[in-house]
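Fold and contact review
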Amino acid sequence: MCGIAAIFYPKKTDSPSSDELNVRVKSMIKTLKHRGPDALGCKVSNNCAFGHARLSIIDLDSRSNQPMISSDGRFKLIFNGEIYNYKELKKIIKNYNFKTQSDSEVILAAYSKWGADCLNYFNGMFAFIIYDKKKNQIFAARDRFGIKPLFWAKKNNKYIFASEAKAILTQISTKPNINYFKRYLLNGEKIHGSETCFNDIKQLFPGEYFIINQNSFKKIRYYNIGEKIRNNDFNNTNKSFKSSVEIFSDSFLSAVDFRTRADVPISVNFSGGSDSSAILSILGKTLNKLDVFVNSAVSNSVKEIDKIYIENIAKQCGYKVNYCNTNESKIMKNLDLKNMMWHSESPFLLSHYLDKCLAYSSRELGYIVILDGNGADEHLLGYKEHMYPAITDHFYNKEYNNALSLFLLSNKRHNLFQKFISPYSIVKTLIKNRGYHDKKISWLNEVTANFFEYKLESLLWFRDRSSMAHSTELRVPFLDHNLVESMLSLPIKYRINKYGQKDILKQFLNKNFKNINFKLLKNSFLKPQLPLSLKNNAKKKFETLSEKSKTQAQEVFDSIKNEVIITDDFRYRISQIELWYETFY
């Protein structure tokens, strides 16, 4: 996990001197030092300047510092993330003179061998840029799900890349993205796709790469999970439920095992919910990695019975739980809203502060890598919004027992019964799903695709910023692409059925734990509800913002004021825009 920055002039005659490029890229990389405090490096060659801030995770030796040059001197690399299967790739890449034990060098070797197709071989989270000295060409790529960020801008015949937009702001001036802020005020929309809060700064899409040279600029989407889901590219297998549980177990074991590859200590964000419990089970019971640090959040509002519950889970895996104190008084003392905005670069929820607390706690105790349970709900169908599309899906597949049982369960879990109980609403919903079926499009697939494209992208954005603010690396085993694809290939009835959501995961847990009821609703343990006094404290801090920031936010509000009803949520959004202006303008 690192910070990367690059400046590239496709036409060498447009480029300033090497000395000036070096100064520019150094100013960029200094803004990213929190992402990589262990080593800062810059390399300039004619019209291309690379900068790198390293957080040392694999092969801690300085030989693996970046920017890194290929063994033949042709390619130059800057890389943020991890290629978990680097050891396996190293064995099949012949005729390359490896000089390090890093995964970074494997990227160079793979690109030398396969070109852009190397992306199909990588199991990991990554954003990297390669400069081809022979072709005077840039290759920039981002991982399949967008776990690692990569921003870019084009200005005055040059391309600028960085892990965070603030680094690009050292090189260009740009206006706020007013269209985004309007949508944010109207419906709370989070940043996703290629958009950012800055007009001239964009993101690479998840699963996208660029090829830039003097003659062309190509943007290619090599992996599009939303499109794959909508097109039903994952063929449903006719395997039994028992064999499907085994497929999950094998795929999940591989995903977790890969993400323990590190030369630094590892911790786990543990909530006592099914996702983090599954990770703990693999680590302790299967891999026997008992030196892992188990970190959980606790506040004054957490009941003693909840602590006993999660401690029992951890104990069965061979661990003790460390509690990160998120008591109200401590949070209020350390709450720095402007610092949070500086790191996030977009409007955030106050609950993200608790993610920062966990990252800070791990780092303070010397644990650099953090495993986290994000990403399971997307493909195991764990969100409440999956419920009704799944009910109608079961209905049209004549699985009436699943449909009825899930419908009744939805009342207990999500109050969907009250929402849809009228005959009119039931018929209306069934007709809606009938329309999807007539078009040979699954309503459930559409909902699932939207979660990958919107909610997950936003979630990963803030999880990256919260962890990197404290120089820690967050790894998400549930977003191993092999695991995701294998789960999306299983019949829907194995993931959501009369027993509820994520049933295949529950079966796995029931095999691995004794006397734990994973059918219980997950408590908001890792993310306790923020107390009212904390919200009021934040409100007071918002009120201290400058008049200039308030005026700028007012202009956004004036443009949509006739379309909204003023609520507390709306007022919070206004304060977030004010804070954003205060931080960046």
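Conventions we followed
Residues numbered from 1 in each chain as written. Predicted model: local features only at pLDDT ≥ 70, side-chain atom pairs only at ≥ 80, totals over all residues. Heavy atoms only, no water. Buried < 20%, exposed > 50% of the residue type's maximum accessible area, 1.4 Å probe, protein only. Helix = DSSP H or I, 4+ residues; strand = E, 2+ residues; numbered from the N terminus. Pairing = 2+ DSSP bridges. Contact = heavy atoms within 4.5 Å. Core = buried A, V, L, I, M, F, W, Y, C linked by side-chain atoms within 4.5 Å. Expected span 1.5 Å × (residues − 1). pLDDT = per-residue confidence, 0-100. Axes fitted to C-alpha atoms, helices over the stretch in contact; angles between N-to-C directions. Parallel < 35°, antiparallel > 145°, perpendicular 65-115°, else oblique. Left-handed = near helix turned anticlockwise from the far one by under 90°. Nonpolar A, V, L, I, M, F, W, Y, C, P; charged D, E, K, R; others polar.

A few points about the pairing of strand E7 (residues 137-142)
Of all 6 residues in E7, 6 are buried; the element is thus mostly enclosed. Both faces of E7 are covered, namely the face carrying Gln137, Phe139 and Ala141 and the face carrying Ile138, Ala140 and Arg142. Count of turn residues in the strand E6 (residues 124-132)/E7 antiparallel hairpin: 4 residues, of which Asn136 carries a positive phi of about 50°. As paired elements, E7 and strand E11 (residues 208-212) share 4 bridges and run antiparallel to each other. In the sheet register, Ala141 faces E11, and the bridge partner there is Tyr209.

Focus on the sheet that holds E11
Here 6 strands make up an open sheet; going across it, the order is E4-E5-E6-E7-E11-E12 and the pairing antiparallel. Lying at the two open borders of the sheet, with one neighbouring strand each, are strand E4 (68-69) and strand E12 (217-221). Direction of pairing for E4 relative to strand E5 (residues 75-83): antiparallel, over a ladder of 2 bridges. Residue pairing for E5: Ile69 is matched across the bridge by Lys76.

Focus on the environment of Gly284
Along the chain, Gly284 turns up in helix H8 (residues 274-286). Measuring from C-alpha to C-alpha, the distance between Gly284 and Cys317 comes to 4.8 Å, with 33 residues separating the pair along the chain. In contact with Gly284, not counting residues within four places along its chain, are Leu290, Cys317 and Tyr319.

Some thoughts on the nonpolar core
Where a protein is soluble and globular, its nonpolar side chains tend to be buried together. Ranked by internal contacts, the top residues of the largest apolar core, which has 87 residues, are Leu119, Phe122, Phe128, Phe248 and Phe252. When residues in this core are grouped by element, the largest group, 7 residues, is from helix H3 (residues 103-114). Apart from residues lying up to four places away in sequence, Leu119 is in contact with Phe126, Phe128, Phe139, Ala141, Arg144, Tyr209 and Tyr222. Counting 51 residues, the second-largest nonpolar core is a separate cluster that includes Met28, Ile191, Cys357 and Phe557.

Regarding helix H24 (residues 568-584)
Between its first and last C-alpha, H24 extends 25 Å over 17 residues, near the 24 Å set by a 1.5 Å rise per residue. Taken together, the buried positions of H24 are Phe570, Arg573, Ile574, Ser575, Gln576, Ile577, Glu578, Leu579, Trp580, Tyr581, Thr583 and Phe584.

Here we look at the confidence of the model for the chain
Taken over all residues, the pLDDT of the chain has a mean of 88, while the share at 70 or more is 88%. Within the model, pLDDT remains below 50 along residues 420-424, and this stretch shows 5 contacts once partners closer than five positions in the same chain are excluded. Throughout residues 521-529 the model reports pLDDT below 50, and contacts reaching past four residues in sequence, or to other chains, amount to 25 contacts.

With respect to unusual backbone geometry
In this structure, the amide linkage connecting Gln66 to the following residue, Pro67, adopts the cis form with an omega of 0°. Tracing the backbone through its elements, the reader meets Pro67 in the loop between strand E3 (48-54) and E4. Phi is positive for Asn156, close to 50°, though the residue is something other than glycine. Inspection of the secondary structure assignment puts Asn156 in the loop between strand E8 (151-155) and strand E9 (158-162). By relative accessible area, Asn156 is classed as exposed at 62%. If you check the backbone angles, Asn232 has positive phi at about 55° while not being a glycine. Relative to the helices and strands, Asn232 is located in the loop between helix H6 (225-230) and helix H7 (241-258). When its relative accessible area of 43% is taken as the criterion, Asn232 is described as partly exposed.

A look at the sheet that holds strand E10 (residues 202-203)
Sheet architecture is open: 6 strands sit in the order E2-E3-E1-E9-E8-E10, paired in antiparallel fashion. What marks the edges here is a single partner per strand, and that holds for strand E2 (39-45) and E10. Where E8 meets E10, 2 bridges bridge the pair, whose relative direction is antiparallel. In the sheet register, Trp152 faces E10, and the bridge partner there is Lys202.

Details of the environment of Asn517
Tracing the backbone through its elements, the reader meets Asn517 in the loop between helix H21 (503-512) and helix H22 (532-543). Of the residues examined, Asn517 reaches a relative accessible area of 38% and is grouped as partly exposed. As for Asn517 and Ser274, which are separated by 243 residues in sequence, their C-alpha atoms are 9.9 Å apart.

Notes on the packing of helix H14 (residues 387-396) against helix H18 (residues 443-468)
Axis separation between H14 and H18 bottoms out at 8 Å; the angle between their running directions is 155°. Here H14 lies roughly antiparallel to H18, going by the angle between them. The element H14 and its partner H18 pack so that their crossing is left-handed. Facing Tyr388, Pro389, Ala390 and Thr392 of H14, the residues of H18 in contact are Trp443, Leu444 and Val447. When grouped by side-chain class, the residues that make up the contact of H14 with H18 number 6 nonpolar, 1 polar and no charged.

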